[in-house]
Amino acid sequence: MEKKWWKESVVYQIYPRSFCDSNGDGIGDLKGITGKLDYLHELGINVIWLSPVYKSPNDDNGYDISDYQDIMDEFGTLEDFDILLKSAHDRGIKIVMDLVVNHTSDEHKWFVESRSSKDNDKRDFYIWREGRDGQAPNNWGSSFSGSAWEYDEKTDMYYLHCFSKKQPDLNWDNPRVRDEVFRMMTWWCDRGIDGFRMDVISMISKVEGLPDGQVDANTGYGGLENTTNGPHVHEYLKEMNKRVLSKYDIMTVGECAGVTIEEAEKYASLDGSELNMVFQFEHVGLDYDEHGKWTARRYDLRELKKNLSKWQTELEGKSWNSLFLDNHDQPRIVSRLGDDSPLSAKAIATMLHFMKGTPYIYQGEELGMTNCKFGCLENLRDIEEINAYHELVDSGKMTREAMIAGIEAKGRDNARTPMQWDASENAGFTTGSPWIMVNPNYKEINAEAELKDADSVFNYYKKLVSLRRKSEWSDLIVYGTYRLLDDESSEIFAYERELNGRNLFVLCNLSDREIHYHNDAFSKANALLISNCGEAELSEEMKLSPWFAAVWEVLSFV
Ligand code: NOJ
């Protein structure tokens, strides 16, 4: 396996709107991030993934971009960006930008031109179609509820938007669109950035003829299979690689909804012809039900283990994994899989951070930040949740109570409550009035308190990062092979890592019960790397307390 810096890195994702507000307008900003770089340096991460900071009317918090080469008013200026980049580099931290090019904002100048007339020079930058019998051109649904088509009176045609109607899809089949995108990417690379996280990049090529999709019983719309992993996606990414990515020493990760192992091997093949790695989402859907994500249903640990392990073993030697449980689109993992306790946060982190792949920490995850009780519609901010609430509750498909419970369990706003810096008003996030409510538990869970507490979730993450990046086990943690143990257990997540005859044994009790554990895999521990329960001893019969986690270097039995 070829060694690469991005395989040996730990990435920290920042959602700038909710990270740190430097000017009291209630919205996080670039200067706020720059002011917190020492905190990130202390945690030990070496790459930041910045969610979008570009000019945007914020229909989807920056994932609707109106100018790719300027900064959102609320976040600051290009000069602030350059200062952030330099200050990060001075501390050995790289910055990966979010690249959102499946769609733009409807306020982007390309779309303003495109919608102005049928023969406008930019008309073909987007996907315009005639209606079908006075209705949308096909049955595709938007990820944010309703049809994926919006009727535009001016030219009596419909445009495609796989997300909100303020996020029209670009037409990647048009070579001029690709030229513009690659030119813009080059501009950022020349500015000194260190890579791209590519938003829904698996959606840039749609099936020819835009045929109706299979109808989803829950939404009544069809389409996902016709919008992901389309016929030209690999051709376009190879072109992007050739014309831009290959010219720089940067890292790339593609957000790939609907990706299978087979597809992932193409997106992130070891020959380096497309991307370095993908975010896959199979494990994310394992606790959904007939209402899709809007449910308090919890993971079945056996299913989760099976899925994560499948990606570990099947990509082995063929591609590279990205390791994530939290991000700005997911509820907090300590609530989703754990029980909100610091102990469960540490156990879950142990399970993830010893796997093979590049780990991603989402802001606040390192503090054990939890889901939030929003209570009512007025407290919600996310377009996906608000649209789904209206679609499902107003139509009588779900009760108000069930929907709020679903949103509190799975909604994206859980990840977007302000970062909890200290116990002062608004958790030290802003001196103004925050754009979204602060989780009321900030007095107990906050960075200031955790930095001082040797036993905190923060200090546990710090140790995890340092074991991976700067310890005698680094090579084994980064490059070793993975083997799942005890696959039938619904409480224990245990696995082995192996490299050149050296072995690690990772043992986590992901339940709130004491478990009697019979260990017949390993005889003797050479060293304890980390544990959330003090001096954990390895033996044949063990009593594992709730949320117990430990990792040993061991001599193999077999
Ligand atoms: C995926 C992003 O992660 C999500 O936040 C966004 O809403 C959609 N793509 C649309 O850009």
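Residues numbered from 1 in each chain as written. Predicted model: local features only at pLDDT ≥ 70, side-chain atom pairs only at ≥ 80, totals over all residues. Heavy atoms only, no water.

J.: Help me understand the overall build of the chain, please; the structure alone is not making it clear to me.
T.: Within the chain, the regular secondary structure consists of 17 helices and 20 strands. The C-alpha atoms of the chain give a radius of gyration of 23 Å, which matches the 24 Å a tight globule of 558 residues would have. For the chain, the computed accessible surface area is about 20800 Å², with 48% contributed by carbon and sulfur atoms. Separation of charge centres in the chain, based on 63 positive and 97 negative side chains, amounts to 3 Å. (Helix = DSSP H or I, 4+ residues; strand = E, 2+ residues; numbered from the N terminus. Rg over C-alpha atoms; globule rule 2.2 N^0.38 Å. Areas by Shrake-Rupley, 256 points an atom, 1.4 Å probe, with all protein chains shown as cover. Lys, Arg positive; Asp, Glu negative; His and termini not counted. Charge placed at Lys NZ, Arg CZ, Asp CG, Glu CD.)

J.: Any chance you could explain the site of the ligand here in plain terms?
T.: Lining the immediate surroundings of the ligand are 13 residues, of which D60, H103, D199, H328 and D329 lie closest. Side-chain polar atom of D60 to an oxygen atom of the ligand: 2.5 Å apart, as the coordinates give it. Side-chain polar atom of R412 to an oxygen atom of the ligand: 3.0 Å apart, as the coordinates give it. Contact with the protein chains removes 97% of the 290 Å² of surface that the ligand exposes when unbound. Per-class residue counts for the shell around the ligand are four nonpolar, two polar and seven charged. (Near = heavy atom within 4 Å. Polar contact = N/O pair within 3.5 Å; in protein donor to acceptor, adjacent residues only side chain to side chain. Nonpolar A, V, L, I, M, F, W, Y, C, P; charged D, E, K, R; others polar.)

J.: What exactly am I supposed to notice about the nonpolar core here?
T.: Nonpolar side chains in soluble globular proteins generally cluster together in the buried interior. In terms of nonpolar packing, the biggest core is built from 153 residues, with M185, F196, M351 and F354 touching the most fellow members. Apart from residues no more than four positions distant in its own chain, F196 is found in contact with V96, M97, L99, M185, W188, C189, L245, I250, M251, T252 and V253. Counting residues in each nonpolar core, the second largest holds 17 residues, with F505, M542, F548 and V554 among its members. (Core = buried A, V, L, I, M, F, W, Y, C linked by side-chain atoms within 4.5 Å. Buried < 20%, exposed > 50% of the residue type's maximum accessible area, 1.4 Å probe, protein only. Contact = heavy atoms within 4.5 Å.)

J.: What exactly am I supposed to notice about the pattern of salt bridges here?
T.: Counted under the stated rule, the structure contains 45 salt bridges. The salt bridge partner of E107 is K166, with a shortest N-O separation of 2.7 Å. Residue E107 is found in the loop between β5 (94-99) and α4 (109-114), and its partner K166 is found in the loop between β8 (157-160) and α5 (175-191); the two are separated by 59 residues along the sequence. In this structure E107 comes out as partly exposed when scored by relative accessible area, which is 43%. Via salt bridges that share partners, D60, K293, D329, D382, E384, R412 and R416 belong to a single interconnected network. (Salt bridge = Lys/Arg side-chain N within 4 Å of Asp/Glu carboxyl O.)

J.: Hey, could you run me through the sheet that holds strand β7 (residues 149-152) in this one?
T.: Two pairing modes exist for strands in a sheet, parallel and antiparallel, and in both the strands are linked by backbone hydrogen bonds. The strand order across the open sheet formed by three strands is β6-β8-β7, and the pairing between neighbours is antiparallel. Each edge of the sheet is formed by a strand with only one pairing partner; in this case those strands are β6 (128-129) and β7. With four bridges connecting them, β7 and β8 associate as antiparallel partners. In the sheet register, D152 faces β8, and the bridge partner there is M157. (Pairing = 2+ DSSP bridges.)

J.: Honestly, the packing of helix α12 (residues 383-394) against helix α13 (residues 400-410) in this entry has me stumped. Any pointers?
T.: The relative placement of two packed helices is expressed as an angle between their axes plus a distance between the axes. Remark: α12 packs on α13, axes separated minimally by 10 Å, with the N-to-C direction vectors making an angle of 155°. As far as their axial angle goes, α13 and α12 are roughly antiparallel. Between α12 and α13 lies a crossing of right-handed hand. The residues of α13 that touch α12, namely those facing E385, A388, Y389, L392 and V393, are R400, M403, I404 and I407. Residue classes in the contact of α12 with α13 are distributed as seven nonpolar, no polar and two charged. (Axes fitted to C-alpha atoms, helices over the stretch in contact; angles between N-to-C directions. Parallel < 35°, antiparallel > 145°, perpendicular 65-115°, else oblique. Left-handed = near helix turned anticlockwise from the far one by under 90°.)

J.: Would you explain the side chain of T358 in this entry?
T.: Along the chain, the position of T358 falls in strand β13 (residues 358-362). Of the residues examined, T358 reaches a relative accessible area of 0% and is grouped as buried. A distance of 2.8 Å separates polar atoms of two side chains, one belonging to T358 and the other to W320.

J.: Got a minute to help me understand a negative patch on the surface in this structure?
T.: On the surface, D486, D487, E488, D520, E540 and E541 cluster together to form a negatively charged patch. Assignment of secondary structure puts D520 in the loop between β17 (515-518) and β18 (522-531). Judged by relative accessible area, which is 55%, D520 ranks as exposed. (Patch = residues over 30% accessible without salt bridge, like charges linked within 9 Å, V, L, I, M, F, W, Y side chains within 5 Å.)

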